[in-house]
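If you want the building blocks of each chain, they are given just below.
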Amino acid sequence: PFMRVFIEHLTERNFQNKTVAFIENGSWAPVATKGMKAMLENCKNLTSVKLSPSIVTIGTGAFEGCTSRASVDFAGSGVEVIPTQAFYGCTSLTSATLPVGVTEIRDYTFAFCSSLTSVTVKGTLTSIGEEAFYRDALTSFTFAEGLTSIGADAFAFNKFEAITLPNSVVHI
């Protein structure tokens, strides 16, 4: 109840241009975090999100349409899959660094992030979904060895000058 009241107060006051960190603890945490994210969905002006080490999942469309989001910090989180449309339409997002544990970026995850110019993957990414980075502004993307699958139009309508794929890619 306290957290619900706290979030209601934030949304009533048009909470904007702040950083929010979700720290999960206990078996109830994924459900609670999903609820808190839903309550904050209309706070489109959040500028950054930092995920704590105990977070292992992000909900579908969790930060969709947050047009002021400039950064996302996955460092040290337990996230393995970045779900469909998690950052869809975050037009101020300029870069993303994905930690070692991320294995999959699902469909439309970073689509229409028109300021996203750089993505760095630090490890075990094996799959990038359809239109995952559709209509972004990517000029560079650091691929790690181990990537095996890239979905249709995953990088369509970007600004690449050149792309070098790792030898491990077997499906495009």
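Refer to the preceding data block for the structure.
Described below are features of the structure shown in this document.

What counts, and at which threshold
- Residues numbered from 1 in each chain as written.
- Predicted model: local features only at pLDDT ≥ 70, side-chain atom pairs only at ≥ 80, totals over all residues.
- Heavy atoms only, no water.
- Helix = DSSP H or I, 4+ residues; strand = E, 2+ residues; numbered from the N terminus.
- Contact = heavy atoms within 4.5 Å.
- Areas by Shrake-Rupley, 256 points an atom, 1.4 Å probe, with all protein chains shown as cover.
- Core = buried A, V, L, I, M, F, W, Y, C linked by side-chain atoms within 4.5 Å.
- Buried < 20%, exposed > 50% of the residue type's maximum accessible area, 1.4 Å probe, protein only.
- Pairing = 2+ DSSP bridges.
- Polar contact = N/O pair within 3.5 Å; in protein donor to acceptor, adjacent residues only side chain to side chain.
- Phe/Tyr/Trp six-rings, centres within 6.5 Å; stacked < 30°, edge-to-face > 60°.

Let's talk about the overall build of the chain
Part 1: Of the regular secondary structure elements, the chain holds two helices and ten strands.
Part 2: Starting at the N terminus and ending at the C terminus, the chain contains elements arranged as α-β-α-β-β-β-β-β-β-β-β-β.
Part 3: Sequence-distant contacts in the chain: of pairs separated by 6 or more residues, those separated by 24 or more amount to 31%.
Part 4: Carbon together with sulfur atoms contributes 54% to the accessible area of the chain, which is approximately 8700 Å² in total.

Here we look at the nonpolar core
Part 1: Membership of the largest hydrophobic core comes to 37 residues, with the highest contact counts inside it found for Ile82, Phe87, Phe110, Ile128, Phe133, Phe141 and Phe155.
Part 2: Elements that contribute at least two residues to this core include exactly strand S2 (48–51), strand S5 (95–98) and strand S7 (118–121).
Part 3: If we skip the residues at most four places from it in the chain, phenylalanine 87 touches Phe63, Val72, Phe74, Ile82, Leu93, Thr109, Phe110, Ala111 and Cys113.

Notes on the sheet that holds strand S6 (residues 104–105)
Part 1: Across the sheet, which stays open at both edges, the four strands sit in the order S4-S6-S8-S10 with parallel pairing between neighbours. For this open sheet the edge positions go to strand S4 (81–82) and strand S10 (149–150), each flanked by a neighbour on one side alone.
Part 2: As paired elements, S4 and S6 share two bridges and run parallel to each other. Each bridged residue has a counterpart across the sheet, and for valine 81 the counterpart in S6 is glutamate 104.

Looking at the side chain of asparagine 158
Part 1: Structurally, the position occupied by asparagine 158 is in the segment after S10.
Part 2: A distance of 2.9 Å separates the side chain of asparagine 158 from the backbone nitrogen of leucine 138, its partner in a polar contact.

Examining the environment of serine 77
Part 1: Inspection of the secondary structure assignment puts serine 77 in the loop between strand S3 (71–73) and S4.
Part 2: Between the C-alpha atoms of serine 77 and valine 56, which are 21 residues apart in sequence, the distance is 6.7 Å.
Part 3: Residues contacting serine 77, with those up to four places away along its chain left out, are Leu51, Ser52, Pro53 and Ile55.

Concerning the packing of aromatic side chains
Part 1: Enumeration over the complete set of coordinates arrives at twelve aromatic pairs.
Part 2: With centroids separated by 5.2 Å and ring planes inclined at 5°, the aromatic side chains of phenylalanine 110 and phenylalanine 133 adopt a geometry described as stacked. Here the residue phenylalanine 110 occupies a position in the loop between S6 and S7, and phenylalanine 133 occupies one in the loop between strand S8 (127–128) and strand S9 (140–142), the gap between them amounting to 23 residues.
Part 3: Assessed through its relative accessible area of 1%, phenylalanine 110 is described here as buried.
Part 4: What makes phenylalanine 133 buried here is its relative accessible area of 0%.

Thoughts on the side chain of serine 168
Part 1: By secondary structure assignment, the location of serine 168 is in the segment after S10.
Part 2: A relative accessible area of 16% places serine 168 in the buried class.
Part 3: There is a polar contact of 2.7 Å between the side chain of serine 168 and the backbone oxygen of leucine 147.
Part 4: Ignoring any residue separated from it by four or fewer positions in sequence, one finds serine 168 in contact with Glu145, Gly146, Leu147 and Thr148.

Examining the environment of leucine 125
Part 1: With respect to the helices and strands, leucine 125 occurs in the loop between S7 and S8.
Part 2: Other than its neighbours up to four places away in sequence, leucine 125 contacts Val102, Thr103, Glu104, Ile105, Gly146 and Leu147.

A word on unusual backbone geometry
Part 1: In this structure, tyrosine 108 takes a positive phi of about 60° despite not being glycine.
Part 2: In this structure, tyrosine 108 sits in the loop between S6 and S7.
Part 3: Although it is not a glycine, arginine 135 sits at a positive phi angle of roughly 55°.
Part 4: Within the fold, arginine 135 resides in the loop between S8 and S9.

The analysis is restricted to geometry; functional conclusions fall outside its scope.
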